[in-house]
Amino acid sequence: MKPLSFVTPALKRGVQIGVLSLTALLAACGSSGPFKFDDSYSAQGQNSRVRYLVMHYTAGDHATSLKVLTQRDVSAHYLVSDERRPTVYRLVPEERRAWHAGIGSWYGFTDLNTGSIGIEIVNMGRLADGRWAPYSAAQIEALKVLLKDLAQRHGVSPRNIIGHSDVAPQRKLDPGPHFPWKDLAQAGIGRWYKEPQARALQAQYATRPLPSASQVQALLRKAGYETPDSGTFDKATQNVLAAFQMHYRPARYNGVLDAETAAILQSLD
Ligand SMILES: [Zn+2]
């Protein structure tokens, strides 16, 4: 059974319009226009503009998510539904920019909408009682197929498969602590840390002090996160640490440095 299906009326329409207008233009330029197109050569020097894959939850149900992402000034390339066999909506063609990341930074790159593909997953996010809505196994299986294909076609490096909270830790929590980054990494998707090395380092911290705030801030920057350079565990640094913990150690994401977090930070590739 295929884990996902695609819905593409918008894409089909876009392609048809593109073909029609190009045909019209070629006809206009055919024999008497000011120039003619020649498609018989293709440059060797080219690659995809997509360098990042950014994950989100919609914090809404299926119908609401579809409505918000198609009728307002927020969008994503893909929307994964929460049906038993998920539908993957293709809302924005991969070549075009979707409006999903907003202000953010990853390894110093800030124009994330231009350089990324955005993937929204139907999930309610944090619930009124403080717990988090789970992702279904079917959604994760669909994501694995989708992300593998996207990463391969666009040549996206593992460290650039990230969450909204990774690129905007001061204002975003999605895709949240239930997003299965480790599970995806075991399927060959995204970055993970060297677990034996982290365990050994964590044990060493029983008898030696944890890294200083300055050292932690430098390590977070090295991991891709935009982090203050204050030399203290200020609120902004705690927010970055919490985003890091949600991604790599979701059992506790309070933004407080502990031995395990320090060990993981030093065991990333
Ligand atoms: Zn988001």
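Scope of this entry: the structure provided in the associated data block. Note that the structure is a prediction, hence the values are computed from the model and not measured.

Focus on the overall build of the protein chain
Moving on, step 1. When its secondary structure is counted, the protein chain shows 10 helices and 6 strands.
Moving on, step 2. Sequence separation of 24 or more characterises 63% of the internal contacts of the protein chain that already satisfy a separation of 6 or more.
Moving on, step 3. For the protein chain, the computed accessible surface area is about 14,600 Å², with 54% contributed by carbon and sulfur atoms.

Thoughts on the nonpolar core
Moving on, step 1. Counting residues in hydrophobic clusters, the biggest one holds 55 residues, and the most contacted among them are L53, I119 and Y225.
Moving on, step 2. The dominant element in this core, judged by the number of residues it contributes, is helix α4 (residues 137-154), at 7 residues.
Moving on, step 3. Lining this core are residues from two domains, each supplying at least three of them: domain 1 (52-186) and domain 2 (195-265).
Moving on, step 4. Setting aside anything within four residues of it in sequence, one finds Y225 in contact with W106, D166, L220, V240, A243, F244, H247 and Y248.

Re the side chain of E120
Moving on, step 1. Position of E120 among the secondary structure elements: in strand β5 (residues 116-121).
Moving on, step 2. K172 provides the closest opposite charge to the buried, unpaired E120, separated from it by 8.1 Å.
Moving on, step 3. Leave out the neighbours within four places in its chain, and E120 touches H56, Y57, T58, L69, A76, Y78, L79 and V80.

Some details on the packing of aromatic side chains
Moving on, step 1. According to the stated counting rule, one finds 13 aromatic pairs in the structure shown.
Moving on, step 2. For the ring pair Y225 and F244, a centre distance of 5.9 Å and an interplane angle of 70 degrees mean the geometry is edge-to-face. Pair noted here: Y225 is in the loop between α8 (213-222) and α9 (235-248) and F244 is in helix α9, with a separation of 19 residues, a long-range link. Side by side, Y225 and F244 carry an identical accessibility label, which is buried.
Moving on, step 3. Through pairs of rings, three or more aromatic residues link up here, namely W106, Y107, W192, Y193, Y225, F244 and Y248.
Moving on, step 4. Directly above the ring of Y107 sits R159, whose terminal nitrogen or CZ lies 3.9 Å from the centroid.

Conventions we followed
- Residues numbered from 1 in each chain as written.
- Predicted model: local features only at pLDDT ≥ 70, side-chain atom pairs only at ≥ 80, totals over all residues.
- Heavy atoms only, no water.
- Helix = DSSP H or I, 4+ residues; strand = E, 2+ residues; numbered from the N terminus.
- Contact = heavy atoms within 4.5 Å.
- Areas by Shrake-Rupley, 256 points an atom, 1.4 Å probe, with all protein chains shown as cover.
- Core = buried A, V, L, I, M, F, W, Y, C linked by side-chain atoms within 4.5 Å.
- Buried < 20%, exposed > 50% of the residue type's maximum accessible area, 1.4 Å probe, protein only.
- Domains from an automatic or database assignment.
- Lys, Arg positive; Asp, Glu negative; His and termini not counted.
- Salt bridge = Lys/Arg side-chain N within 4 Å of Asp/Glu carboxyl O.
- Phe/Tyr/Trp six-rings, centres within 6.5 Å; stacked < 30°, edge-to-face > 60°.
- Lys NZ or Arg CZ within 6 Å of the ring centre and 35° of its normal.

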